[in-house]
Amino acid sequence: MTNFNYDKVKHGLDREVLVNQMKNQMSDFRFTHCLRVEQVSRDLAVKYGADVDKAGLAGLLHDYAKERSDKEFIDEIKSKHLDPELLNYNNAIWHGIVGAEIIKDELGIADEDVLNAIRRHTVGSTNMTQVDKCVFVADFIEPKRDFPGIEAARKYADKSLDSAVAYELKHSIAHLVDKNREIYPATFDSYNYWISKGEL
Ligand SMILES: [Fe+2]
Ligand SMILES: [Fe+2]
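As a starting point, this report considers the structure included with it. None of the values given here were measured: they were computed from a predicted structure.

**As for the overall build of the protein chain**
Scanning the protein chain from N- to C-terminus turns up 11 helices and zero strands. Along the protein chain, from the amino end to the carboxyl end, the secondary structure elements read α-α-α-α-α-α-α-α-α-α-α. Here the C-alpha atoms of the protein chain give a radius of gyration of 16 Å, agreeing with the 16 Å that 2.2 N^0.38 yields for 200 residues. The principal-axis extent of the C-alpha atoms belonging to the protein chain is close to 40 × 40 × 30 Å. The burial tally for the protein chain puts 52% of its 200 residues in the buried class. In the protein chain, 63% of the contacts between residues at least 6 apart in sequence involve partners at least 24 apart. Across the protein chain, the centroid of the 27 positively charged side chains sits 2 Å from that of the 34 negatively charged ones.

This is how it looks when you write it as structure tokens:
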């Protein structure tokens, strides 16, 4: 049971209503991941002095659109006149950048700090706010995550948010290269920026 709500971010926003809305339209696997990211994102925000409610709400919603069809994302890119370059990518990129538009429309979330953190959780940014960083890192280190490097990721998150961001970008790019997957250009820009800011 949680004893927080997001009324401060958006007046009248009831967390329990939001949570039920999420639960009904995504797998249990993804839903429980979102709840864990919400909690870790809030914890990081407390530790590093970011806005706890914005970090928590963005963490809760970050994968809201991840299980939508490719067609829905493609239609959204076209109807919202988003960067046509996005059409060359896939769900891994879309569910953040395009997902934020779906969240805006379906859930009525208009807070740009929250929406930006959702947009940036898949690709990072050279411009990440503290809220963005909390969500980005929480997604990577939530308690059920298990991959080679997770312990280092958690240590960095404990020591410095910027280092944790740098480590995550480095790890993610290395993983994509290893799997012969394409890399969205903004991810490289983020890496170049944060690798010089965060101490690894
Ligand atoms: Fe995601
Ligand atoms: Fe996620």
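**Quick word on helix H9 (residues 150–159)**
An α-helical turn contains 3.6 residues, so a residue and the one three or four places further along point in the same direction. Of all the residues in H9, the buried ones are Ile 150, Ala 153, Tyr 156 and Ala 157. Angular distribution of buried residues about the axis of H9 spans 120°; they occupy a single face of the element. Facing away from the buried side of H9 by over 90 degrees, the exposed positions are Glu 151, Lys 155, Asp 158 and Lys 159.

**Some remarks on the packing of helix H2 (residues 28–48) against helix H3 (residues 52–61)**
It is the contact of H2 with H3, at a shortest axis distance of 7 Å, that shows an interaxial angle of 160°. Regarding the angle of H2 to H3, the classification is roughly antiparallel. The interaxial crossing formed by H2 with H3 has right-handed handedness. Side by side, H2 and H3 meet where Cys 34, Leu 35, Val 37, Glu 38, Ser 41, Arg 42, Ala 45 and Val 46 of the first sit next to Val 52, Asp 53, Ala 55, Gly 56, Gly 59 and Leu 60 of the second. Within the contact of H2 with H3, the residues separate by chemical class into eight nonpolar, three polar and three charged.

**Regarding the coordination of the iron ion (ligand 2)**
At this site the iron ion (ligand 2) is bound by His 33 (NE2), His 62 (NE2), Asp 63 (OD) and Asp 139 (OD), with donor distances of 2.2 Å. Coordination at the iron ion (ligand 2) comes from four donor atoms whose angles at the metal span 82 to 175°, giving a geometry best classed as irregular. A distance of 3.5 Å spans the gap from the iron ion (ligand 2) to the iron ion (ligand 1), which Asp 63 bridges by coordinating each metal. Taken as a pair, His 33 in helix H2 and Asp 63 in the loop between H3 and helix H4 (70–79) lie far apart in primary sequence, 30 residues in all. Across the pair, Asp 63 and His 33 agree in class, each one buried.

**Thoughts on the coordination of the iron ion (ligand 1)**
Perfect tetrahedral coordination of a metal by four donors corresponds to 109.5 degrees between them, and perfect octahedral coordination by six donors corresponds to 90 or 180 degrees. The protein atoms that coordinate the iron ion (ligand 1) are Asp 63 (OD), His 95 (NE2) and His 121 (NE2), at distances spanning 2.1 Å. Along the chain, the residues that donate to the iron ion (ligand 1) are spaced as D-x31-H-x25-H. We classify His 121 as buried; its relative accessible area is 4%.

**With respect to the nonpolar core**
Ranked by size, the top nonpolar core spans 63 residues in total, and within it Leu 57, Leu 61, Leu 86 and Ile 109 carry the most contacts. A per-element tally of this core places helix H8 (residues 130–141) first, with eight residues. Excluding residues within four positions of it along the chain, Ile 109 makes contact with Leu 13, Leu 57, Leu 61, Ile 103, Lys 104, Val 114 and Leu 115.

Conventions and cut-offs
- Residues numbered from 1 in each chain as written.
- Chains lettered and ligands numbered in written order.
- Predicted model: local features only at pLDDT ≥ 70, side-chain atom pairs only at ≥ 80, totals over all residues.
- Heavy atoms only, no water.
- Helix = DSSP H or I, 4+ residues; strand = E, 2+ residues; numbered from the N terminus.
- Rg over C-alpha atoms; globule rule 2.2 N^0.38 Å.
- Buried < 20%, exposed > 50% of the residue type's maximum accessible area, 1.4 Å probe, protein only.
- Contact = heavy atoms within 4.5 Å.
- Lys, Arg positive; Asp, Glu negative; His and termini not counted.
- Charge placed at Lys NZ, Arg CZ, Asp CG, Glu CD.
- Arc of directions from axis to C-beta.
- Axes fitted to C-alpha atoms, helices over the stretch in contact; angles between N-to-C directions.
- Parallel < 35°, antiparallel > 145°, perpendicular 65-115°, else oblique.
- Left-handed = near helix turned anticlockwise from the far one by under 90°.
- Nonpolar A, V, L, I, M, F, W, Y, C, P; charged D, E, K, R; others polar.
- Donors = N, O, S within 2.8 Å, 3.2 Å for Na, K, Ca; no water.
- Tetrahedral: all angles 85-135°; square planar, octahedral: opposite > 155°, others 65-115°.
- Core = buried A, V, L, I, M, F, W, Y, C linked by side-chain atoms within 4.5 Å.

Note that every value here comes from positions in space, so none of it alone points to a role or purpose.
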